[in-house]
Amino acid sequence: MATGEVKVLGSWSSPYVMRARIALHIKSVNYKFIEEKLSEGKSELLLKSNPVYKKIPVLIHGDKPVNESLIIIQYIDDTWPSAPSILPSDPYERAVARFWAAYLDEKWFPSVTSVGIADEEEAKKAGISQMEEGLALMEEAFGKCSKGKGFFGGDEIGFLDIAFGSFLGWLRVTEKINGIGLIDEAKTPALVSWAERFCSHAAVKDVMPDFDKLTEFGKMLFPKIRALAGTR
Amino acid sequence: MERGVVLLDFWPSMFGMRTRIALAEKEIKYEYREEDLRNKSDLLLQMNPVHKKIPVLIHNGKPVCESLNQVQYIDEVWNDRAPLLPANTYKRANARFWADFVDKKIYDLGSKIWRTKGEEQEAAKKEFIDCLKLLEGELGDNHYFGGKDFGYVDVALVPFYCWFYAYEQCGNFSIEAECPKLIAWAKRCMQKESVAKSLADQEKIYEFVLHLKKVFGIE
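Under the annotation held in an unreviewed UniProt entry, chain B carries the name Glutathione S-transferase and is attributed to Hibiscus trionum. Annotation of chain B in UniProt includes, under Function (unreviewed entry), the sentence "Is involved in the conjugation of reduced glutathione to a wide number of exogenous and endogenous hydrophobic electrophiles."

The name given to chain A in an unreviewed UniProt entry is Glutathione S-transferase, with Hibiscus trionum as the source organism. Turning to chain A, the UniProt record has this under Function (unreviewed entry): "Is involved in the conjugation of reduced glutathione to a wide number of exogenous and endogenous hydrophobic electrophiles." The Sequence similarities (unreviewed entry) comment attached to chain A in UniProt states, word for word, "Belongs to the GST superfamily. Tau family."

Now the structure itself:
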């Protein structure tokens, strides 16, 4: 039953938070966005709603919290089942979408952050190489999943579009800071046009972070993470 | 629909056991193929080119990779019997959360217990028990994590039970002493044929771990 107020605890810069918001926009569900001021420490509400990981995003429906962005997207799709659907309707296609989303989270995005925090050329090169390998895989996956349409989900934005597209901001920042092209016409032409379509989609454009603001934030954040990693 | 179900697996794998349990719960006939992980078959490399790992579920020639994906796929395709995920969407999200928690924590911590010694091992043991206690909290007074019925989180976690003996021997501690409710739950699950037939024998797992320690040069 889709009753009860919906809140999202998050921050403007987090790709995982973006995912939850895009899914709610797709379903035209009204919600209150509560910005966690991460520099001021975690709020009581966050700690209470996600005691296991203490991380954003948290979706709170009525008084019940849902954690982990990919689980949140599926919850939204299950709870507001009217069209458009976010997960594919075919079980095999669902399994494929879940596979790639997990790959992006567990293997690919860590290589993006490794490039950000690397302080040696070797480490940076290794991270970039891993990113490129992953993008080649996603280019191929796009061909198979989209079946000639504009999104991984077909005619409409779906689960894998949201999972992957939410990383585009940080991908672009990585390209800018390192002076490289990762999603480009030569290597990943399908992803180039997909990215444009995704970023200009009505459900996405208001929550895609401003590029300059994200770049400045990255330049400030990466040295801090590097320093923390160094002290372990 | 049950034509052509093949499982590429490796007998001690807790991940493979999850898929075996799900297939057994749904009474699906399938072909089990044991992989030699030092000499992976062409079929495995072709069906899981990204990770090259077991288990791989092949249904009508198409691969499904990653054990929790496989369990969800089996639940969705054979949706006329023995449901594993709850119908209620909030309970479903909760089940996914705890299965994901098992994935994020239990394997790595368990591995650390048998692979390391001294301070590192003690730290792994402590965190491992803390995680099991969180799971005990989630189980509460229920028969299963699924409530009255055996479900998704039960499938995700119970395969680790056959590895507990090896962890205890290597880490010199008793999991039952720290988490009696969880062990009681595991024994309850072992009463189910689908679980008893899918889990490996704990002594054989311990022998396997001792063999791995030799191979990796771990004392």
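Once you've had a look at it, read on.
Looking at the side chain of Ser-69 of chain A
Its place among the elements puts Ser-69 of chain A in helix H3 (residues 69-79). The contact partners of Ser-69 of chain A, leaving out residues within four places of it in the chain, are Tyr-16, Arg-19 and Pro-57 of chain A.

A look at the UniProt feature "domain: GST N-terminal" (unreviewed entry) in chain A
Listed under "domain: GST N-terminal" (unreviewed entry) in the UniProt record, and renumbered for this structure, are residues 4-84 of chain A. As a span, residues 4-84 of chain A carries 36% helix and 21% strand, and end to end its C-alpha atoms are 21 Å apart.

Regarding the interface of chain B and chain A
Interface extent is often summarised as the accessible area lost during association of the parts. Facing the 24 residues of chain B at the interface are 22 residues of chain A. Buried surface at the junction of chain B and chain A, both sides included, amounts to about 2,200 Å², of which 65% is carbon and sulfur. It is Tyr-90, Arg-96 and Phe-97 of chain B that lose the most area in chain B upon contact with chain A, and together they represent 27% of the buried surface on that side. Counting the contacts that link chain B with chain A gives five salt bridges. Salt-bridge contacts for Glu-76 of chain B lead to Arg-98 of chain A; the nearest nitrogen and oxygen are separated by 3.1 Å. Taken together, chain B and chain A are joined by ten residue pairs in polar contact (both at pLDDT 80 or more). Elements that contribute at least two residues to the side of chain B that touches chain A include exactly strand S4 (62-65), helix H3 (67-77) and helix H4 (89-115) of chain B. A per-element tally of the side of chain B that touches chain A places H4 of chain B first, with eleven residues. Class assignment for the residues of the side of chain B that touches chain A results in eleven nonpolar, five polar and eight charged.

Rules and cut-offs
Residues numbered from 1 in each chain as written. Chains lettered and ligands numbered in written order. Predicted model: local features only at pLDDT ≥ 70, side-chain atom pairs only at ≥ 80, totals over all residues. Heavy atoms only, no water. UniProt positions renumbered as here; feature names shortened; annotations may be inferred. Helix = DSSP H or I, 4+ residues; strand = E, 2+ residues; numbered from the N terminus. Contact = heavy atoms within 4.5 Å. Buried area = accessible area lost by both parts, 1.4 Å probe. Salt bridge = Lys/Arg side-chain N within 4 Å of Asp/Glu carboxyl O. Polar contact = N/O pair within 3.5 Å; in protein donor to acceptor, adjacent residues only side chain to side chain. Nonpolar A, V, L, I, M, F, W, Y, C, P; charged D, E, K, R; others polar.

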